[in-house]
Amino acid sequence: MTDAVSDDGRWFTVRDDAGRAATAAAARAALRTQRGRLGRVDVDVLSDEEWPEEARPAVRTAQQRLAAGGRRGTSLSLDPRADEELDLALTLAPFSIGCSAVDHGGRLVWEANDTGAGAAFRLTSAEEEVVRSAVVGAGGDPGDLVLLSAHHLGRKGFAYEVVGGTALAAARWTPPAGWRAYERTVPVGSGPGLWAEASAAVLSWGVKTRSGFAVDPPLAPGRAARAGERSWLVARIGPLRVREPVQVVETVVTNRRVALAYGTLDGHPVAGEEAFVVHRDDDGTVHLTLRSLTRAGRGPWRALFPAVLVAQKVYRRRYLRSLV
């Protein structure tokens, strides 16, 4: 799932420390407000804990429905257009090991699982406000409802050890030993106008976006990235989209040097760091310098490292032309 904006909303979840009451309220509010676009709700009539007293009549009804239909297993499909069936889903969802709902096109838009501990919903802006209000009404904070991708990013660690190894502020670079290091500088033009444009582009992920990447979530227009911020860099490779988790390691802003470095997080195709630096000479000539430290990624990406290196070379050529 992704939180990229579309006509039918973005994916949200509830923070882990929000509490069960806030998570349950969010799950129920999301299901209610999404009702008009739902085609089916599937509920597992099974819980890792003892069903609470208020849910037991619904459990008995659901079990009778399963038995009457001669169905094996514990999953019951419900029609959200019917009030009684929607009520069953609303009652069982906070306590079931797993519930899900799809829209009329068969796309997943709602989940409540892990016996009330986890939930995720694809919400429009209007639906988002309804769910936030429900969280507050259950004693939570409006900030307990967070974008799903940001929640996932927050759990990831760096995929490498030499954080800051591209040394943004240093005019001369000595890479740390044991890494595949790359550095190249090209002129991109001259003049104060170009310097201002190139500086803004570097600080707002412009080298990446002008080279075919998307940044998720995108920065607001005119805003620079900040150290510590986490994002997904989305690369298109043919019909595929590869989502790369990263964190901004450092930024530098001086009259002669503007730079951004980011590091890879767990799950990225490679381990390492990449930096984009624009700097200008006394005569006003503006240069772009690329620096990177690369090793094979972990898990299944390790076997694909040779192909990743080929893609890296292709993108480097794009980076070097991105500010011209």
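Residues numbered from 1 in each chain as written. Predicted model: local features only at pLDDT ≥ 70, side-chain atom pairs only at ≥ 80, totals over all residues. Heavy atoms only, no water.

S.K.: Looking at this structure, I do not really get the packing of helix 1 (residues 20–34) against helix 3 (residues 83–92). What am I missing?
M.R.: How two helices pack is summed up by the angle between their axes together with the distance between the axes. Axis separation between helix 1 and helix 3 bottoms out at 9 Å; the angle between their running directions is 160 degrees. One finds that helix 1 runs roughly antiparallel with respect to helix 3. Both helix 1 and helix 3 take part in a crossing whose hand is right-handed. Contacts from Arg28, Leu31 and Arg32 in helix 1 reach Leu86, Ala89, Leu90 and Thr91 in helix 3. Taken together, the residues of the contact of helix 1 with helix 3 sort by class into 4 nonpolar, 1 polar and 2 charged. (Axes fitted to C-alpha atoms, helices over the stretch in contact; angles between N-to-C directions. Helix = DSSP H or I, 4+ residues; strand = E, 2+ residues; numbered from the N terminus. Parallel < 35°, antiparallel > 145°, perpendicular 65-115°, else oblique. Left-handed = near helix turned anticlockwise from the far one by under 90°. Contact = heavy atoms within 4.5 Å. Nonpolar A, V, L, I, M, F, W, Y, C, P; charged D, E, K, R; others polar.)

S.K.: How should I be thinking about the packing of helix 2 (residues 56–68) against helix 3 in this particular structure?
M.R.: Close contact between helix 2 and helix 3 brings their axes to 10 Å; oriented N to C, the two are set at 120 degrees. It follows from the interaxial angle that helix 2 and helix 3 lie oblique. Crossing hand, helix 2 versus helix 3: left-handed. Every residue of helix 3 that contacts helix 2 at Ala58, Val59, Thr61, Ala62 and Arg65 is listed here: Glu85, Leu88, Thr91 and Leu92.

S.K.: What's the story with a positive patch on the surface in this structure? I'm lost.
M.R.: A contiguous patch of positive charge, built from Arg180, Lys313, Arg317, Arg318 and Arg321, is present on the exposed surface. Top contributing element to the positive patch by residue count: helix 8 (residues 305–321), with 4 residues. Within the secondary structure, Lys313 is located in helix 8. For Lys313, a relative accessible area of 53% puts it in the exposed group. (Patch = residues over 30% accessible without salt bridge, like charges linked within 9 Å, V, L, I, M, F, W, Y side chains within 5 Å. Areas by Shrake-Rupley, 256 points an atom, 1.4 Å probe, with all protein chains shown as cover. Salt bridge = Lys/Arg side-chain N within 4 Å of Asp/Glu carboxyl O. Lys, Arg positive; Asp, Glu negative; His and termini not counted. Charge placed at Lys NZ, Arg CZ, Asp CG, Glu CD. Buried < 20%, exposed > 50% of the residue type's maximum accessible area, 1.4 Å probe, protein only.)

S.K.: For this particular structure, what's the right way to read the packing of aromatic side chains?
M.R.: Each pair of aromatic rings is reported with the distance of its centres and the angle of its planes. The full count for this structure, using the stated rule, is 7 aromatic pairs. Relative to Tyr262, the ring of Trp205 has its centre 5.4 Å away and its plane inclined at 55 degrees; by these criteria the two rings are tilted. One end of the pair, Trp205, is in the loop between helix 6 (192–203) and helix 7 (206–209); the other, Tyr262, is in strand 12 (residues 257–264), with 57 residues separating them in the sequence. Judged on exposure class, the residue Trp205 and its partner Tyr262 are both buried. Where Tyr262 meets Phe276, the ring centres are 6.4 Å apart and the plane angle is 40 degrees; that geometry is what we call tilted. Taken together, the residues Tyr262 in strand 12 and Phe276 in strand 13 (residues 270–280) connect sequence positions 14 residues apart. Taking relative accessible area as the criterion, Phe276 reaches 2% and is therefore assigned buried. When the ring centre of Phe213 is taken as reference, the NZ or CZ atom of Lys208 above it lies at 3.9 Å. (Phe/Tyr/Trp six-rings, centres within 6.5 Å; stacked < 30°, edge-to-face > 60°. Lys NZ or Arg CZ within 6 Å of the ring centre and 35° of its normal.)

S.K.: Explain helix 8 to me, please; I cannot follow it from the model alone.
M.R.: With 17 residues, helix 8 should cover 24 Å at 1.5 Å per step; its first-to-last C-alpha distance of 25 Å lies within 8% of that length. Among all positions of helix 8, only Phe305, Val308, Leu309, Gln312, Tyr315, Arg316, Tyr319 and Leu320 are buried. Buried residues of helix 8, viewed axially, fall in a sector of 135 degrees; they line one side. When the buried face of helix 8 is taken as reference, the exposed residues oriented beyond 90 degrees from it are Pro306, Val310, Lys313 and Arg321. (Expected span 1.5 Å × (residues − 1). Arc of directions from axis to C-beta.)

S.K.: How should I be thinking about the confidence of the model for the protein chain in this particular structure?
M.R.: When pLDDT is low, close inspection of the predicted coordinates is not appropriate. Overall, the prediction assigns the protein chain a mean pLDDT of 90, with 95% of residues at 70 or greater. Within the protein chain, helix 5 (residues 148–154) has the poorest average pLDDT of any element, 80, and strand 12 the best, 98. Every residue in residues 1–7 is under pLDDT 50, and counting partners more than four places away or in other chains gives 24 contacts. (pLDDT = per-residue confidence, 0-100.)

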